[in-house]
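Chain and residue survey
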Amino acid sequence: MEKTIEKQEDKTVLRCLVVDDEPVTREGITDFIAKVEFLELVGECSSALEAMEYVNQGTIDLMFLDINMPYLSGTDFLESLDHPPLTIFTTAYSEYALDGYRLQVVDYLMKPIAFKRFYQATVNALQQFKLRHPAENNGNGQQDYMYIRQGDSFEKIYWPDILYMESMQNYAKLHFRKDKKVIHQTLSSLEEMLPKEQFFRIHKSFLINVSHIDSIMGGRVFVSGIELPLSRHRKEELLNQVVYKNLISK
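Read on for an overview of the structure. (Residues numbered from 1 in each chain as written. Predicted model: local features only at pLDDT ≥ 70, side-chain atom pairs only at ≥ 80, totals over all residues. Heavy atoms only, no water.)

Quick notes on the sheet that holds strand E15 (residues 226-229)
What counts is decided by this rule: Strands qualify as paired when DSSP identifies two bridges or more between them. The helix count covers DSSP runs of H or I at least four residues long, the strand count covers runs of E at least two residues long, and both are numbered beginning at the N terminus. Axes here mean lines fitted to C-alpha atoms, for a helix over just the part in contact, with angles spanning 0 to 180 degrees between N-to-C directions.
Read from one edge of the open sheet, three strands run E13-E14-E15, paired in antiparallel fashion. Each edge of the sheet is formed by a strand with only one pairing partner; in this case those strands are strand E13 (213-217) and E15. Strand-to-strand twist in this sheet, taken as the mean axis angle between neighbours without regard to direction, amounts to 25 degrees. Where strand E14 (residues 220-223) lies against E15, four bridges are found, and the strand directions are antiparallel. Looking across to E15, one finds that Arg-220 is bridged to Pro-229.

Points about the side chain of Thr-25
Stated precisely, the cut-off is as follows: Remark: exposure states derive from per-residue accessible area (1.4 Å probe, protein chains only) relative to the maximum for the residue type, with buried under 20%, exposed over 50%, and partly exposed in between. In what follows, residue pairs with any heavy atoms lying within 4.5 Å of each other are defined as contacts.
Checked against the element boundaries, Thr-25 lands in helix H1 (residues 23-34). With relative accessibility at 15%, the residue Thr-25 sits in the buried group. Not counting residues up to four positions away in its chain, the partners in contact with Thr-25 are Asp-20 and Lys-111.

Things to note about helix H2 (residues 48-56)
Threshold: Regarding the arc, it is the one traced by the directions from the helix axis to the C-beta atoms.
Every buried residue of H2 is accounted for by Ala-48, Ala-51 and Val-55. For H2, the angular spread of buried residues about the axis comes to 50 degrees, placing them on one side. Within H2, the exposed residues directed more than 90 degrees away from the buried face are Leu-49, Glu-53 and Asn-56. Turning to H2, the residues buried within the fold contact strand E1 (14-19), strand E2 (39-45), strand E3 (62-66) and helix H3 (74-80).

Here it is in structure tokens:
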């Protein structure tokens, strides 16, 4: 089938697995996959038990996973994996959305799935994959930008410009010098995606860009003039990883 989406310049391709007990749904998703240049279908399964073999082989980058399946549900299957691939839940039941947030899946697609929503979810997956695998970015090292969803559009932002991030349960607020943006992403998933040497979790509710630290005083961190709380159990690690290695002493 002819590809209908413009090629990605970096040639990154996500190897996909479709797991759903409904043949019609599997056919629809595989047809969508064939339309997107950065996706490649590796296999399709009618149960989570069948999918286990694919996942254990470590050849899957992105899994489209139904939640309601016989014998083993999609959520139970995902929880059983030590190193799950990026996952997009597909389901006809909206009440399972909280499970998706808890398990930090890429997205949650409601059946019947529209191609526009499918494509939005896969672009998000591609972005997360690049952040998790910087060495695979054409040998050019860690890219310094990412795309965030704002309504029906995607906006390019540069993570070095982020001062800090604030947890809002299943959302996160990104703070810039002159702007703030709220995205549907947990702080924990952002911490996992972004470079560890650049972003540090100072508190359960705050992830900071260490290059913007002005000072550290007691249980407080000042980032670009803004005072943020520093957890007691995180202070020593922050000092060791960021301050002491760059400390100039007489």
